[in-house]
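Listed below are the residues making up each chain.
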Amino acid sequence: MPAKKPLVVVTRKLPDPIETRMMELFEAQLNLDDRPLGRAELIQAVEKADVLVPTVTDRIDSSVLAHAGSNLRLIASFGAGVDHIDLGSARQRGITVTNTPGVLTEDTADMTMALILAVPRRLAEGERIMRSGKWEGWSPTWMLGHRIWGKRLGIVGMGRVGSAVARRARGFGLSIHYHNRHRLPETAERELDATYWESLDQMLAHMDIISVNCPHTPATYHLLSGRRLKLMREEAYIVNTSRGEVVDENSLTRMLERGQLAGAGLDVFEHEPAVNPKLLKLDNVVLLPHMASATLEGRVDMGEKVLINIKTFVDGHSPPDRVIGTES
Ligand code: 8YV
C-alpha cells in the first residue's frame, strides 16, 4: 500500500505550476482566493498540517506554534526572510524551518537600483506631473535632481542582495562602501571594489546614499535608529528593500518632513501593509508595496525551492535550505 501523502497547508496563492506540482506530490490544502489567513485560521493550519508553507504575511509566533500538532515537523517558508517565524519556539518543538534564499537576489537588487536612481532623479515626481496634465514644457532649471555618478553608496548588510546591488551600482559610477557583521574576504572586497567600515556610525556620516540590505533579526531591529539616522548628511538618501523594522520609520519620516534627509526609497514598512500616512504626503519619497522580488520567474523559482525542501524532508533527508532543525 502506498504511504499516506503528507498534508501540506499553503497559506497563500502560489504560481499555478507550483500548486499543480504541490497537488501531485502531496495532499495539498491550497488557498485559491489568496485571502490572508487570520490568527484562528493559522492556528487551525498548524494543528492539522504535517508541513506548513507560510509567507511573510503570516505571523507564526510562539502563541500560534503552541497549537502545533505533533505531526507538524516542517515549516517550509515561501520567502528568504524568516523574521515572521518564531525560530526559538520552532527549534524547541523540534520543527525544521526552511526558506528560499538565492532566487530573489537579482530581482531584489534590480529594484534596489531602481530606487537608488528614482529618488535622487525624482522619477516618481516627474511621472505624477505627467499624469496630472500639469506639464508646461521643458525648462533649464526645473525638476533638477541630483547626479548618481561619482557618489558614495553605503550598503548595510553585504550578503547576497547587498553584493548584487554593489555589482550593479559600480556600473552607475558609484563608489561602494559597506558595513556588515563580518568583514568580507579580501578577494570578495576586491571583486566588488568595496570599502569596509567597521563602524556603521562612521559609514552613515560619510555616505551620499544608504541601501539597507540586511535581514531583520532581533539584532537588526531599528539598527537605523533615530540617533543613527541623524548621523547621515542632510543631502543623503536612504533606500530600503529589506525589512521595515530595520529602520525607525517614525524618526525617518520626521527627518524627511523637516528636510534633514534628502529623500527615501522604501519598498518595505515597519507595520505592513500600513504605511505612515505622513510618508504619503512627501514628494521626496518613492514608495513601493513590498514588490522588490515580485517577478513571475522569481516566484516560480521560490515555489520550486519550497517543493524541493518539502520533498527532501519527507524523503528523510536534510532539506537544502534548512534555517533550523535537525534532519528529519
Ligand atoms: C518575498 C521577501 O516576496 O523573501 C523575502 O524575504 O521579503 C519578499 O521579497 C516574500 O517574503 C514572500 O513571502
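Quick note: structure is the one above.
Attention in this report is confined to the structure presented alongside it. The structure displayed is predicted, hence computed values, not measured ones.

Some details on the site of the ligand
Inference 1: Neighbouring the ligand are Thr55, Val56, Phe78, Gly79, Ala80, Gly81, Leu104, Arg243, His290, Ser293, Arg299 and Met302.
Inference 2: Separating an oxygen atom of the ligand from a backbone N or O atom of Ala80 is a distance of 2.6 Å.
Inference 3: Burial of the ligand by the protein chains amounts to 88% of its free accessible area of 320 Å².
Inference 4: Each residue belonging to the shell around the ligand can be placed in one class, and the counts come to 5 nonpolar, 5 polar and 2 charged.

Focus: the pairing of strand E1 (residues 7-10)
Inference 1: Residues Leu7 and Val9 line one face of E1 and the alternating positions Val8 and Val10 line the opposite face, and both faces are buried.
Inference 2: Relative to strand E2 (residues 27-29), E1 is paired through 3 bridges, and the arrangement is parallel. Bridge assignment links Val9 to a residue of E2, and that residue is Gln29.
Inference 3: Considered for its hand, the β-α-β crossover made up of E1, helix H1 (residues 16-25) and E2 is right-handed.
Inference 4: Direction of pairing for E1 relative to strand E3 (residues 51-53): parallel, over a ladder of 3 bridges.

A look at the side chain of Thr112
Inference 1: Along the chain, the position of Thr112 falls in helix H5 (residues 105-118).
Inference 2: Residue Thr112 is classed as buried on the basis of its relative accessible area, which comes to 0%.

Things to note about the layout of surface pockets
Inference 1: By volume, the second largest pocket is sized at about 150 Å³.
Inference 2: Along the walls of the second largest pocket sit 17 residues, with Val119, Arg122, Glu125, Asp283 and Asn284 positioned nearest its centre.
Inference 3: The set of elements that each furnish at least two residues to the lining of the second largest pocket consists of helix H6 (123-132) and strand E12 (285-287).
Inference 4: Tallied by class, residues from the lining of the second largest pocket come to 9 nonpolar, 4 polar and 4 charged.

Side note on the packing of aromatic side chains
Inference 1: Per the stated rule, a full pass over the model turns up 1 aromatic pair.
Inference 2: Between the aromatic rings of Tyr178 and Tyr196, the centroid separation amounts to 5.1 Å while the plane-to-plane angle is 50 degrees, which identifies the pairing as tilted. You can see Tyr178 sitting in strand E7 (residues 175-179) and its partner Tyr196 sitting in strand E8 (residues 194-196), a full 18 residues away along the chain. The burial state of Tyr178 is the same as that of Tyr196; both residues are buried.

Quick look at empty space enclosed by the protein
Inference 1: This structure, assessed with the given rule, holds 1 cavity of 30 Å³ or more.
Inference 2: Its boundaries defined by the atoms lining it, the largest cavity holds a volume of some 40 Å³.
Inference 3: What lines the largest cavity is Asn240, Gly244, Val247, Glu249, Leu252, Leu266 and Val268.
Inference 4: Here the residues of the lining of the largest cavity are counted per class, giving 4 nonpolar, 2 polar and 1 charged.

How each quantity is defined
Residues numbered from 1 in each chain as written. Predicted model: local features only at pLDDT ≥ 70, side-chain atom pairs only at ≥ 80, totals over all residues. Heavy atoms only, no water. Near = heavy atom within 4 Å. Polar contact = N/O pair within 3.5 Å; in protein donor to acceptor, adjacent residues only side chain to side chain. Areas by Shrake-Rupley, 256 points an atom, 1.4 Å probe, with all protein chains shown as cover. Nonpolar A, V, L, I, M, F, W, Y, C, P; charged D, E, K, R; others polar. Buried < 20%, exposed > 50% of the residue type's maximum accessible area, 1.4 Å probe, protein only. Helix = DSSP H or I, 4+ residues; strand = E, 2+ residues; numbered from the N terminus. Pairing = 2+ DSSP bridges. Right-handed = clockwise from strand over helix to strand, strands pointing away. 1 Å grid on protein atoms, 1.4 Å probe; cavity = no way out; pocket = protein on both sides within 12 Å on 5 of 7 lines; lining within 4 Å. Points joined across faces, edges and corners; volume = space filled by probe spheres on them. Phe/Tyr/Trp six-rings, centres within 6.5 Å; stacked < 30°, edge-to-face > 60°.

By themselves these figures say nothing about function.
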